[in-house]
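Summary of structural features
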Amino acid sequence: FKYAFFKTKWRKGANSIWIRFTHIKIDETRILFLKKWFLLFIKLIRFQKSLIEWLPDLNFSALVLGSGGSSNAVCYSLKKLKIPYKIVSRFSGVSKISYDELLKNEDLINYKLIINTTPLGMYPNIDSIPNLNFDQLTSNHYVFDLVYNPEETKLLSTSKGKGSKIKNGYDMLV
């Protein structure tokens, strides 16, 4: 789908014949917007499908790590699936808490689904990891990392070591 603006001009050509020229201007900003919207929509569908297939039921509370664009898509999906969530970011705000607050309050126990939407652990910085208290993770936790390269990030391997079920974001890509 392309947004086009048609502009018609009349010019005097050879032998006094008027020739109609049609110029088409493509509004690149709108094309980029529509392309990003479409890709986001596809990611939403793939994320929801991946989550539904992976979880035994939708009776979870979720922690969404990060507050960027991917986080917004994940939160929208969680809302559609009626899964309550809390956003964790570097700084606290109206609808989010900081990592420091999360560490202080030991809230990780109350959220059985943890979704990482940050680029932490993505190649080439494969050793970076969100600041969480991993001692609170149990075999009842589900950790979903949107990062797919490497296949098992440090977050996933640490969570797996605590007995949590893990999943990366590869299904969203394919």
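Residues numbered from 1 in each chain as written. Predicted model: local features only at pLDDT ≥ 70, side-chain atom pairs only at ≥ 80, totals over all residues. Heavy atoms only, no water.

Notes on the overall build of the protein chain
Of regular secondary structure, the protein chain possesses five helices and eight strands. Along its sequence from the N terminus, the protein chain presents helices and strands in the succession β-β-α-β-α-β-β-α-β-β-α-β-α. Within the span of the protein chain, comprising 174 residues, buried residues form 34% of the whole. Carbon and sulfur atoms provide 55% of the accessible area of the protein chain, an area that totals close to 11,300 Å². (Helix = DSSP H or I, 4+ residues; strand = E, 2+ residues; numbered from the N terminus. Buried < 20%, exposed > 50% of the residue type's maximum accessible area, 1.4 Å probe, protein only. Areas by Shrake-Rupley, 256 points an atom, 1.4 Å probe, with all protein chains shown as cover.)

Points about the packing of aromatic side chains
What the rule picks out here adds up to four aromatic pairs. Ring centres 5.3 Å apart and planes at 75 degrees place the aromatic pair F47 and F144 in the edge-to-face group. One end of the pair, F47, is in helix 1 (residues 28-54); the other, F144, is in strand 7 (residues 142-145), with 97 residues separating them in the sequence. The class for F144 is buried, based on a relative accessible area of 0%. Aromatic side chains F60 and Y142 sit 5.1 Å apart centroid to centroid with 80 degrees between the ring planes, which places their arrangement in the edge-to-face category. Here the residue F60 occupies a position in the loop between helix 1 and strand 3 (62-65), and Y142 occupies one in strand 7, the gap between them amounting to 82 residues. With relative accessibility at 10%, the residue F60 sits in the buried group. Members of the aromatic cluster, connected to one another through ring pairs, are F47, W54, F60, Y142 and F144. (Phe/Tyr/Trp six-rings, centres within 6.5 Å; stacked < 30°, edge-to-face > 60°.)

Focus: the confidence of the model for the protein chain
Looking at the protein chain, the pLDDT average stands at 82 and 81% of residues meet or exceed 70. Below pLDDT 50 for its whole length, residues 1-8 participates in 22 contacts with residues either more than four positions away or in separate chains. Taken as a whole, residues 15-25 scores under 50 in pLDDT and shows 29 contacts with residues more than four places along the chain or in a different chain. (pLDDT = per-residue confidence, 0-100. Contact = heavy atoms within 4.5 Å.)

Here's the deal with a nonpolar patch on the surface
A cluster of nonpolar side chains, contributed by W37, F38, L39, F41 and I45, occupies part of the molecular surface with about 510 Å² of accessible area. On the secondary structure map, L39 appears in helix 1. Residue classification places L39 among the partly exposed positions, given a relative accessible area of 45%. (Patch = residues over 30% accessible without salt bridge, like charges linked within 9 Å, V, L, I, M, F, W, Y side chains within 5 Å. Salt bridge = Lys/Arg side-chain N within 4 Å of Asp/Glu carboxyl O.)

Some words on the pairing of strand 7
As a general feature of sheets, a regular strand has side chains that alternate between the two faces. Neither face of strand 7 is exposed, since Y142 and F144 on one face and V143 and D145 on the opposite face are all buried. Summarising the sheet, strand 6 (residues 113-116) and strand 7 pair through four bridges and their orientation is parallel. When the bridges of strand 7 are listed, L113 appears paired with Y142. Of the pairings in the sheet, the one linking strand 7 to strand 8 (residues 165-168) comprises four bridges and is parallel in character. The residue bridging D145 from the neighbouring strand is N168, located in strand 8. In this fold, strand 7 hands off to helix 4 (residues 154-161), which returns the chain to strand 8; that crossover is right-handed. (Pairing = 2+ DSSP bridges. Right-handed = clockwise from strand over helix to strand, strands pointing away.)

Things to note about helix 4
What helix 4 keeps buried is the set L155, L156 and S159. For helix 4, the buried positions fall inside an angular range of 95 degrees around the axis, keeping them on one side. The inward-facing, buried residues of helix 4 abut strand 6, strand 7 and strand 8. Just downstream of helix 4, G163 is the residue with a positive phi angle, here 95 degrees. (Arc of directions from axis to C-beta.)

A closer look at the nonpolar core
F47, L51, L78, L113 and F144 are the most contacted members of the largest nonpolar core, which totals 19 residues. Counting only elements with at least two residues in this core, the list comes to helix 1, strand 3, helix 2 (69-80), strand 6 and strand 7. Residue contacts for F144: discarding those within four places in its chain leaves F47, S50, L51, W54, I114, I115, N116, K167, N168, G169 and M172. Membership of the second largest hydrophobic core comes to 15 residues, among which are L65, L102, Y111 and L132. (Core = buried A, V, L, I, M, F, W, Y, C linked by side-chain atoms within 4.5 Å.)

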